[in-house]
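Survey of secondary and tertiary structure
Chain residues, written in single-letter form:
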Amino acid sequence: MGKQVIISNVTFGGKGLPLIAGPCVIESRAHSLEMAEVIKSITDRLNVPFIFKSSFDKANRSTVGSFRGLNMEEGLNILAEVKSEIGIPVLTDVHLPSQCQAVGKVVDVLQIPAFLCRQTDLLVAAGKTGKAINIKKGHFLAPGLMAHAIEKVQSTGNDNVLLTERGTSFGYGLVSDMTAIPTMQSLGFPVVFDATHSAQIPSSDKSVGLKAKNIMQPIQNVATVSKNDNIRKVIIDMTEKPQGAAVVIDKGSVLSGIVTEGDLRRCLAENGNIDQLTVGEIMTSNPVSINIETSLLDTITTMEERESQISVLPVIKGNDNECVGLLRIHDVYQTSGQRDMIPTLAKAAVATGCDGLFLEVHDNPIEAKSDASTQWPLDQLEDLLFNLMKIHEAVNG
């Protein structure tokens, strides 16, 4: 048997099957506290040891416009509140050596993202905190080579290390090789299986299945204005709902125009009076739009075939030009995934003998601000964990 890693009341490498779970990114204080409380109630009923996870910054998003999370100070304050109010250990990612000391004062586990698992300075800085370190295996790395990442953390005198398997690059996609679990366990440390990121499809084929309605930003998340509103209101509304544009709506939610960030920059560059200028004076009337049922492939064609590439498209429904959302170019090119394969991967990993599970969980995955396609629905978590615990009991019976 390899080393046991004990984090508060959670033991990895023992007889149990601990769960690391929570939203991909911290979206708000209220959301984090609610998610932590509900997940804890589920794991308490099933007697599953639980560590809450969420990130204050997703620095490795696919596109520059993707939501990255709150700032570090606010994020850590929320994690500290989750830890104290819900009474559970917490985990978050670090991306820079300079973050480790501050993060280590709050969380119980520092997580090293897969892309950064070979970064010596980061691993050493994390190790120096004395906290448990969860190192995600890079999908470009053979599992046995994680010995070098372990060695870098151990050089600080810290041997509280977890390793996490999250898939291996195969062409432009990911596959899960379950032999990676015993291979990394042979290095002497517990191995967690990340069933959600293993279901991702980086650079996925956009011609398969998806439509505008599957990836658009719903209208309630988009700034909506009228032709008579002044520009100050547009700026305020777009700041509160930062989607790159505001849609101009007539009576009955009929699309009339669009105001983009570029329109606002031009207005300000010309020293326009934002209290006097109206939306109708700067908007693009009758903008290019797409139907909610438009395929993703046709959406990309619409965006890219213009001489000046379109970065945002209003989404309409029916024959009345009713605006129901906005589709941004980085919604199109974000990482996709196969949520329905998460149970299959998790069952295989538990049957193989992993020492813990990692699941990103959300109460409304479609509207999640990061990794929406591979977060597991909160209302389905208990059933999934129940089945996984039955497999764990059978394997270790």
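Higher on the page you've got the structure.
Right, let's walk through the structure included here. (Residues numbered from 1 in each chain as written. Predicted model: local features only at pLDDT ≥ 70, side-chain atom pairs only at ≥ 80, totals over all residues. Heavy atoms only, no water.)

1. Regarding the overall build of the chain
Put simply, the rule is: Elements are defined by DSSP. Helices are runs of H or I of four residues or more, strands are runs of E of two residues or more, and each kind is numbered from the N terminus. The globule rule is 2.2 Å times the number of residues to the power 0.38, and the radius of gyration it is compared with is taken over C-alpha atoms. Each residue is placed in one exposure class: buried if its accessible area under a 1.4 Å probe, protein chains only, is under 20% of its type's maximum, exposed if it is over 50%, and partly exposed if it falls in between. The contact criterion used throughout is that any non-hydrogen atoms of two residues lie within 4.5 Å. To measure how exposed things are, a 1.4 Å probe is used in the Shrake-Rupley method; for residues, cover is taken only from the protein chains shown.
Along the chain, the regular secondary structure elements total 14 helices and 23 strands. For the chain, whose C-alpha radius of gyration is 23 Å, the value lies close to the compact-globule estimate of 21 Å for 397 residues. Taking the principal axes of its C-alpha atoms as reference, the chain extends roughly 70 × 40 × 40 Å. Across the 397 residues in the chain, those meeting the buried criterion constitute 52%. Contacts in the chain between residues at least 24 apart in sequence constitute 69% of all its contacts with a sequence separation of at least 6. A total accessible area of about 17800 Å² is found for the chain, and carbon and sulfur atoms account for 48% of it.

2. Digging into the environment of Ser186
Threshold: In protein, a polar contact requires one atom able to donate a hydrogen and another able to accept it; more generally it is a pair of N or O atoms within 3.5 Å, and residues adjacent in sequence count only if both atoms are side-chain atoms.
Assignment of secondary structure puts Ser186 in the loop between helix H6 (180-185) and strand S11 (191-194). Residue class for Ser186 comes out exposed when judged on its relative accessible area of 60%. For the pair Ser186 and Gly2, spaced 184 residues apart in the sequence, the C-alpha separation amounts to 7.6 Å. A polar contact of 2.4 Å, which involves the side chain of Ser186, links it to the backbone oxygen of Thr183.

3. As for the side chain of Ser198
Following the sequence through the fold, Ser198 ends up in the loop between S11 and strand S12 (200-201). The exposure class assigned to Ser198 is buried, which follows from its relative accessible area of 5%. Within the structure, the side chain of Ser198 is placed 2.6 Å from the backbone oxygen of Asp194, a separation counted as a polar contact. Setting aside residues up to four positions removed in sequence, Ser198 forms contacts with Glu165, Arg166, Gly167, Leu174, Ser176, Phe193 and Leu345.

4. Quick word on the pattern of salt bridges
This is how the line gets drawn: Counted as salt bridges are all cases of a side-chain nitrogen of Lys or Arg within 4 Å of a carboxyl oxygen of Asp or Glu.
The full count for this structure, using the stated rule, is 13 salt bridges. In this structure, Arg45 and Glu382 form a salt bridge, with 2.7 Å as the shortest nitrogen-oxygen distance. Highlighted residues: Arg45 in helix H1 (residues 29-46) and Glu382 in helix H14 (residues 381-396), separated in sequence by 337 residues. The exposed category is assigned to Arg45, whose relative accessible area is 53%. One salt-bridge network, held together by shared partners, links Asp229, Lys233 and Asp237.

5. Focus on the sheet that holds strand S17 (residues 284-285)
Applicable threshold: DSSP-based pairing: two strands are paired if at least 2 bridges between them are found. Angular values range over 0 to 180 degrees, each being the angle between N-to-C directions of two axes fitted as lines to C-alpha atoms, with helices fitted over their stretch in contact.
Read from one edge to the other, the open sheet built from four strands follows the order S14-S15-S16-S17, with strand pairing classed as mixed. The two strands at the open ends of the sheet, each matched to only one other strand, are strand S14 (223-225) and S17. Sheet analysis places strand S15 (residues 245-249) next to strand S16 (residues 255-260), joined by five bridges and oriented antiparallel. Bridging from a neighbouring strand, Ala245 pairs with Thr260 of S16. Set on the sheet, helix H9 (residues 261-269) makes contact with S16 and S17; between it and S16 the angle comes to about 60°.

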